[in-house]
Amino acid sequence: QYAERFPVSLEILVPRPDLTLSPNPVLAGGQLQLDGISNTALPYRLYGPSGRQITDGMTTLNGSFRLPDHLTSGLHLLRIRLEDGTSMVRRVMVK
């Protein structure tokens, strides 16, 4: 038996240093801003420290969205699907 688990994904993850996410760290219920995108609403998913999906939604046309008030403190993962079909993942520290 294997002791390690490896996630399997068919999505293409690309490094995108031109896209920035702020503020980071952020408070639960706070607003995040994704800069570097064109005027397009993008789908996102937020995963908790355990890897379980917490929420999903769409950014506004200017790239902002609000986090749920009930988030626990710690490191979360944010996956955003970009216009070209690729995805980017960013670590988000929630205070």
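Refer to the preceding data block for the structure.
Residues numbered from 1 in each chain as written. Predicted model: local features only at pLDDT ≥ 70, side-chain atom pairs only at ≥ 80, totals over all residues. Heavy atoms only, no water.

Enquirer: Got a minute to help me understand unusual backbone geometry in this structure?
Expert: Leave glycine aside and you will find that most residues have negative phi; peptide bonds, for their part, are mostly trans. Here the bond from S22 into P23 is cis, since omega is -10°, no more than 30 degrees from zero. Looking at where P23 falls in the secondary structure, it is placed in the loop between β1 (20–22) and β2 (31–35). (Helix = DSSP H or I, 4+ residues; strand = E, 2+ residues; numbered from the N terminus.)

Enquirer: How should I be thinking about the packing of aromatic side chains in this particular structure?
Expert: The geometry of an aromatic ring pair is captured by two quantities: the separation of the ring centres and the angle between the planes. Summed over all chains, the structure comprises one aromatic pair. Between Y44 and F65, the ring centres sit 4.2 Å apart and the planes meet at 25°, which makes this aromatic pair stacked. In this pair, Y44 is assigned in strand β3 (residues 43–47) and F65 in strand β5 (residues 64–66), connecting sequence segments 21 residues apart. The class of F65 is buried, set by a relative accessible area of 4%. (Phe/Tyr/Trp six-rings, centres within 6.5 Å; stacked < 30°, edge-to-face > 60°. Buried < 20%, exposed > 50% of the residue type's maximum accessible area, 1.4 Å probe, protein only.)

Enquirer: So what exactly am I meant to see when it comes to the sheet that holds strand β7 (residues 87–94) here?
Expert: Strand order in the open sheet made by the four strands is β4-β3-β6-β7, with antiparallel pairing throughout. The sheet is open, and its two borders are formed by β4 (53–58) and β7, each paired with just one other strand. Adjacent strand axes in the sheet meet at a mean angle of 20° when their direction is disregarded. Where β3 and strand β6 (residues 74–81) come together, four bridges link them in antiparallel fashion. Counterpart to Y44 in the pairing with β6 is I80. (Pairing = 2+ DSSP bridges. Axes fitted to C-alpha atoms, helices over the stretch in contact; angles between N-to-C directions.)

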